[in-house]
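Residue-level listing of the chains:
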Amino acid sequence: MKRIPAAPLWLSAVTLLSLTAATRPGPVRGAEPTPLYQDATQPVEARVDDLIGRLTLEEKISLLHADSKFTTAAIPRLGIPRRWLSDGPHGVREDVGPDTWSNAGHTDDFSTAMPAGICLAATWNPELGFSEGSAIGQEARLRGKDIMLGPGVNILRTPLCGRNFEYLGEDPLLSGTMAAGYVRGAQAQDIASCVKHFALNDQEYERDSINVEVDERTLREIYLPAFQTVVQSGGVWTVMGAYNQFRGQHCCHNDYLLNTILKGEWGFQGLVMSDWAGVHDTKEAVLNGLDLEMGTERKYDTFYLAKPYRDGLQTGEFGLAGLDEKVRRNLRVMIATHVLDAQRKPGSLNTAAHQAVARHVVEEGIVLLKNAGHILPLDLAKLQSIAVIGENATRLHAHGGDSSGIKAFYEITPLEGIVKRAGSKVNVVYSEGYRKGGDATLAERAVAAAKSAEVVIYFGGLNHDKGFDCEGADRKDLQLPYGQDELLEKIVAANPRTIVVLEGTMVEMGAWLEPVPALLQAWYPGMEGGSALAGVLFGDVNPSGKLPATFPKKLSDSPAHTFGPEAYPGVKGPNASNGTVTYAEGLLVGYRWFDTKNVAPLFPFGFGLSYTTFAYSQLKLVPTETGVTAEFTIKNTGSVAGAEVAQLYVHPEKPGVLRPEKELKGFKKVWLQPGEQKTVTLSLTPQAFAFYSPEQKSWVAQSGAYQILLGGSSRDLPLQAEYQLARTQLLK
Ligand code: GLC
């Protein structure tokens with residue numbers, strides 16, 4: 001059901017009437033037959049051409065900018081409805097006011113709250129990405145949305161970035177592959193996805209103005225590939241420009257990023273929209289590849305692509321061809337997603353299938369980081385009492401984080417999940433343990449509860465308060481807040497059988513880590529989080545998640561924090577109007593840094609334990625027409641079924657240029673019964689061996705020897721074989 005929010009005062013009655021009439025696309029009333037542009041049997045480009053020929057200049061301009069916070073204007077006489085955009089990557093956001101960020105107070109805008117993006121990445125399962133995208137696409141259709149503003153694929157360059165929870169980690173191959181699956185799933189439901197924020201929006205600090213300086217190789221090899229994968233193999237229909245500047249030009253109208261690379265080199269055929277109020281210049285907006293200006297809290301006709309653009313067209317400053325190109329891209333997305341014809345999928349909301357997807361993503365995204373003495377899974381048949389401690393055992397997270405927050409139909413907390421799964425035979429005691437602002441008695445009571453129970457399950461970590469995992473600000477440090485380190489030391493001293501579950505993104509871990517026998521990373525687990533956590537803790541689910549980002553021992557071990565304030569959070573020159581951040585670490589982001597500089601992480605990229613064990617054997621390199629296939633065997637050598645993420649890394653033996661120690665170039669998740677083994681293949685093309693040469697403006701697969709490494713973590717690669725790339729190739 002589409003909703004027209006209470007109209008802002010400046011909307012004329014006439015507009016209101018036309019808006020109302022225009023929300024039902026379909027054949028234009030009158031004598032003429034269904035026009036070609038509404039005929040779903042016709043080719044998209046023919047329909048675009050037909051429609052573009054019918055639009056007036058005013059109507060064309062109206063398609064290029066918002067007419068409320070999350071909509072663009074209808075064109076009733078042609079049956080073009082209002083377009084509705086909605087956040088975000090974790091589900092369909094609640095309706096917000098037409099021109100404010102406050103919610104609209106509706107009671108029918110609940111949605112399925114999926115786990116945070118970083119949890120989806122931790123599954124390393126692109127099929128799950130597809131399922132999640134598909135569920136969100138169905139809910140978007142039911143809620144009357146046309147463009148869903150996600151996924152976000154900005155690279156985790158600094159652990160401090162407030163939006164790391166929303167994105168897909170530190171590696172471009174993992175991020176791009178997971179996001180492409182999500183986009184294919186969503187867009188199969190006749191809505192458009194929007195990959196964001198293009199590009200280099202890797203911190204929230206001064207996000208609206210900061211200028212990012214990065215060398216060309218790093219740009220091409222680290223910060224663009226995830227976007228390129230989503231465009232070229234995900235087929236994403238829209239791209240959102242980032243707030244920040246890149247090499248001195250705002251990303252929402254950056255000629256090099258949008259015209260040269262995105263539309264020129266990659267052949268992107270959809271539309272580029274701005275982030276909200278991310279546009280700063282009419283001429284750049286007109287000439288540098290922007291197709292839709294979004295924003296709020298301003299009269300929409302003053303938007304750069306509204307009156308200023310119209311004036312420039314009338315004076316001849318801007319050409320009509322450029323206008324038609326922008327309109328063409330908007331119409332192409334509408335027509336490709338069946339906005340204008342009756343073929344559009346109806347959608348559904350909060351179905352059992354959607355709930356199951358939410359649960360499967362977190363079940364497969366939880367990462368088991370420690371399990372000394374196999375204390376996990378807990379055997380409920382032998383347990384009498386459990387102390388559940390920590391504010392995050394009862395805290396709701398789905399609605400937080402700012403634009404990615406979801407008004408969930410429900411949210412099962414960890415405590416609820418445990419109580420429900422443990423049943424009446426086990427005495428479950430809860431103690432809050434810590435709270436914002438602190439309270440000594442909480443800690444005392446928690447320690448007492450720990451002492452009196454057989455086992456402790458502690459839920460801590462971060463939350464979506466500003467300054468932790470939240471849009472609009474970065475974290476100040478990697479510390480566990482609210483005195484949790486001290487509390488945990490007391491708890492594990494009181495009861496050595498303490499299992500720690502951390503929610504949120506990575507933190508430095510105190511002295512408690514050594515004596516704690518078990519540690520799980522649960523990220524933000526979404527509306528089914530409590531059920532999934534109970535399933536893992538009590539053994540219904542065998543954890544299979546792997547870290548999508550390196551967990552450093554301390555912040556100063558991280559590459560972005562090794563080169564001073566210029567490298568993060570950026571510095572402002574004496575006369576500069578904005579700061580500049582320089583990515584001094586270059587290619588060496590995440591594990592690329594830790595492995596090349598030989599810095600021991602707390603937990604490495606790609607790491608995650610299971611309740612079973614896996615053995616790798618028999619690696620063979622089989623030459624193919626397009627490159628080489630690694631063929632190997634994985635066996636489940638334990639006593640329970642489980643899934644392993646086999647990871648393939650490439651290490652250049654004698655590179656002619658600086659190359660990271662190794663880079664992820666393939667992965668596959670494999671399910672195995674106890675004792676079962678499978679032969680797995682991962683195929684590589686010359687691209688897997690290539691680096692980008694700015695001098696040659698091309699990728700170069702340099703001939704020579706490469707180690708192909710295989711295993712279950714970036715630091716556990718038992719299979720290795722040498723591959724000779726016979727000849728150097730320049731790749732497109
Ligand atoms: C925000 C975010 C973007 C979001 C948009 C609309 O500022 O940067 O991710 O989709 O505005 O809420």
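What counts and what doesn't
- Residues numbered from 1 in each chain as written.
- Predicted model: local features only at pLDDT ≥ 70, side-chain atom pairs only at ≥ 80, totals over all residues.
- Heavy atoms only, no water.
- Pairing = 2+ DSSP bridges.
- Helix = DSSP H or I, 4+ residues; strand = E, 2+ residues; numbered from the N terminus.
- Axes fitted to C-alpha atoms, helices over the stretch in contact; angles between N-to-C directions.
- Domains from an automatic or database assignment.
- Contact = heavy atoms within 4.5 Å.
- Buried area = accessible area lost by both parts, 1.4 Å probe.
- Nonpolar A, V, L, I, M, F, W, Y, C, P; charged D, E, K, R; others polar.

## Side note on the sheet that holds strand E12 (residues 385–389)
Right, on to step 1. Spatially, the six strands line up as an open sheet ordered E11-E16-E15-E14-E12-E13, and their pairing is mixed. The open sheet has two edge strands with one neighbour each: strand E11 (367–371) and strand E13 (427–431). Going across the sheet, the axis of each strand differs from the next one's by a mean of 20°, ignoring polarity.
Right, on to step 2. Inspection of the sheet shows E12 paired to strand E14 (residues 455–461) by four bridges, in the parallel sense. Opposite Ile386, over in E14, you have Val455 as the bridge partner.

## Brief notes about unusual backbone geometry
Right, on to step 1. Note the cis peptide between Gly150 and Pro151, where omega equals 10°.
Right, on to step 2. Mapped onto the elements, Pro151 comes out in the loop between strand E4 (147–148) and helix H6 (172–187).
Right, on to step 3. Here the bond from Tyr568 into Pro569 is cis, since omega is 5°, no more than 30 degrees from zero.
Right, on to step 4. Along the polypeptide, Pro569 turns up in the loop between helix H17 (529–537) and strand E17 (580–582).
Right, on to step 5. Positioned with a positive phi, Leu200 is a non-glycine residue whose angle comes to about 65°.

## Topic: the domain arrangement of the protein chain
Right, on to step 1. Along its sequence, the protein chain is organised into domain 1 (52–98 + 108–336), domain 2 (366–537) and domain 3 (614–731).
Right, on to step 2. Using only C-alpha atoms to locate each centre, domain 1 and domain 3 end up separated by 33 Å.
Right, on to step 3. Taken together, the twelve residues of domain 1 in the interface contact 16 residues of domain 3.
Right, on to step 4. Both faces combined, the contact of domain 1 with domain 3 buries some 1,200 Å², and carbon together with sulfur accounts for 66% of it.
Right, on to step 5. Only H6 and helix H7 (216–223) provide two or more residues apiece to the side of domain 1 that touches domain 3.
Right, on to step 6. A total of four residues in the side of domain 1 that touches domain 3 trace back to one element, the largest contributor, which is H7.
Right, on to step 7. Taken together, the residues that form the side of domain 1 that touches domain 3 break down as four nonpolar, three polar and five charged.

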